[in-house]
Amino acid sequence: MDSESTSIRPLNPHSDIELTTLEQQRSDISLSSEQPGASVNVQELPPVDEGRKAWIFCLSGLLLETMVWGFGFSYGIFQAYYTSHPPFDKASHIAVAAVGPTALAIEYGAGIFLAFVYGRYPDHMKKSMWFGLVLNSMSLILSSFVNQVWLLIALQGVGLGIAGSLLYWPVIFLVSEWFVQRKGLASGIIFAGSGIGGFIFPLIVNALMDSLGHRWTLRILAAIQAVFGGIALVGVCPRIPPIKYRRGQRRPQFIPPRLQFFSRKVFWTFATTTFLQAMSYFPVSLYIAVFTATISSPLSATIVLSMFNSSGVVGQILIGYLSDRFPYPWIMFGSTMGSAIAAFLLWGFADTLARVFAFAIIFGGLSGGFSSVTFAAATDAANPNPEQAGMAASAATLGKGIAAVMGPIISGVLLEAGKSVSSGPYGKFGFGPVEIFVGSCAIAGSMSSLAVLATRPRP
């Protein structure tokens, strides 16, 4: 290796450098650029794709994913309770329905902003996660005391969304440090937390609110999340020690000067596909419990929502595993096309609880597992700058945050319109327009997946 390739330069986290150089500069050798006589501190990094620390990070990320998204995806249970019990039963149902999607939109949409923040302040990432955990618990506790919907939106919506962002996105940004060859599997395991939490939380929330009401439910959940979130944060740490900046030392620009993935066609086709897939997913996650309650009991609605969320566990792990071994655009195509067929046929003709269960499991597995291809697509978009893969993933996910709000709103309008039209064997209880909308967005996503295939770089 020649001397030029081994020379040590001040690190800019946004510069176009290879991962090996990043490791050498940030960890293997620590030098003070402002002190000529600085000592050299050689450190041995934990192995990539294996080892105790890598899998502890993965399991800790799984636990945080369970806490953040499991609670968020259980808002349908809160919504049903809020609209039928004081003090929110007289409030606008649209305003109450906005609480959950507000949190989800912030959690998905804050990624690119946090990527810029952590690029400039990498040494403050762990501190921000602890702050997010405190904010998470405080938002839930304060929500338990409010009696007005706008305060509920501010606390259980905005406050919880900011807290969830601070807990979730650092894990996404650090996955690429711990996993390379097994990145798809690791991300699938981490993302499976949303399905696990989506299965557990609706059951817990329903049981607590039936016996204690929503106020004590929120307080108990705040304590649970504080304990398990604190345990998870112990295991979430960077593989490569972050640069420690001294006061007055120049930091990287807040917005990096060269974000080349924005000029890559594969990034835009993947971002479009992510948006379309999310437009089909979120209406189902919000309204599947409402639909089930019209056929059966509220308990059945809770079970169906839990099954819908938990089926994503299998889908996320399986799709993550497959994305390490096969071209991910074809996996995206299969996920979205299968979701479309399930929406058009299984949900469209559902008139019994058994058919709703079948739809929830199939759609939840196929659509819920879609996010496991994110790292593979982001890596393609970021090449030849692998250190920008996290930014590419967060930028593509911004559309998912928009869809988390748009999808349920459009579906709510379509549902009101559908209720005014008599329904036949297709589209029971006025849900026909919603089912067609969901299936159409999934079909559009499958076509967009082929565009990803056409624009991705050839190996």
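Residues numbered from 1 in each chain as written. Predicted model: local features only at pLDDT ≥ 70, side-chain atom pairs only at ≥ 80, totals over all residues. Heavy atoms only, no water.

Student: Report on empty space enclosed by the protein, specifying residues and quantitative values.
Tutor: Evaluated as defined, the whole model comprises four cavities of 30 Å³ or more. In this model, the largest cavity occupies a volume close to 330 Å³. Where the lining of the largest cavity is concerned, the elements lending two or more residues are α3 (52–72), α9 (149–178), α10 (183–235), α11 (265–295), α12 (298–323), α14 (353–368) and α16 (389–419). Of the residues that constitute the lining of the largest cavity, the class distribution is twelve nonpolar, 13 polar and two charged. Its volume calculated, the second largest cavity comes out at about 100 Å³. Lining the second largest cavity are Gly-72, Phe-73, Tyr-75, Gly-76, Gly-100, Pro-101, Leu-104, Phe-282, Ser-285, Leu-286, Ala-404 and Pro-408. Taken together, the elements giving at least two residues each to the lining of the second largest cavity come down to α4 (75–82), α6 (99–109), α11 and α16. Of the residues that constitute the lining of the second largest cavity, the class distribution is eight nonpolar, four polar and no charged. (1 Å grid on protein atoms, 1.4 Å probe; cavity = no way out; pocket = protein on both sides within 12 Å on 5 of 7 lines; lining within 4 Å. Points joined across faces, edges and corners; volume = space filled by probe spheres on them. Helix = DSSP H or I, 4+ residues; strand = E, 2+ residues; numbered from the N terminus. Nonpolar A, V, L, I, M, F, W, Y, C, P; charged D, E, K, R; others polar.)

Student: Describe in detail the packing of aromatic side chains, supporting the description with residues and values.
Tutor: Applying the stated criterion to the full structure yields 34 aromatic pairs. With 5.2 Å between their ring centres and 75 degrees between their planes, Tyr-82 and Phe-88 make a pair best called edge-to-face. Ring plane angle 85 degrees and centroid distance 5.0 Å describe the contact between Phe-291 and Phe-431, whose orientation is recorded as edge-to-face. Of this pair, Phe-291 sits in helix α11 while Phe-431 is found in the loop between α16 and α17 (432–455), placing the two residues 140 residues apart along the sequence. (Phe/Tyr/Trp six-rings, centres within 6.5 Å; stacked < 30°, edge-to-face > 60°.)

Student: Tell me about the side chain of Thr-292, residues and numbers included.
Tutor: Tracing the backbone shows Thr-292 in helix α11. For Thr-292, the residues in contact, after removing those within four places along its chain, are Ser-300, Ala-301, Val-304, Leu-353 and Val-356. (Contact = heavy atoms within 4.5 Å.)

Student: I'd like a rundown of the pattern of salt bridges, residues and numbers included.
Tutor: Pairing between side chains becomes possible if they bear opposite charge and their charged atoms approach one another. On inspection of all chains with the given rule, the structure shows three salt bridges. Between Asp-123 and Arg-251 there is a salt bridge, and its shortest N-O distance comes to 3.1 Å. With Asp-123 in the loop between α7 (111–120) and α8 (125–143) and Arg-251 in the loop between α10 and α11, this pair connects stretches of sequence that are 128 residues apart. (Salt bridge = Lys/Arg side-chain N within 4 Å of Asp/Glu carboxyl O.)

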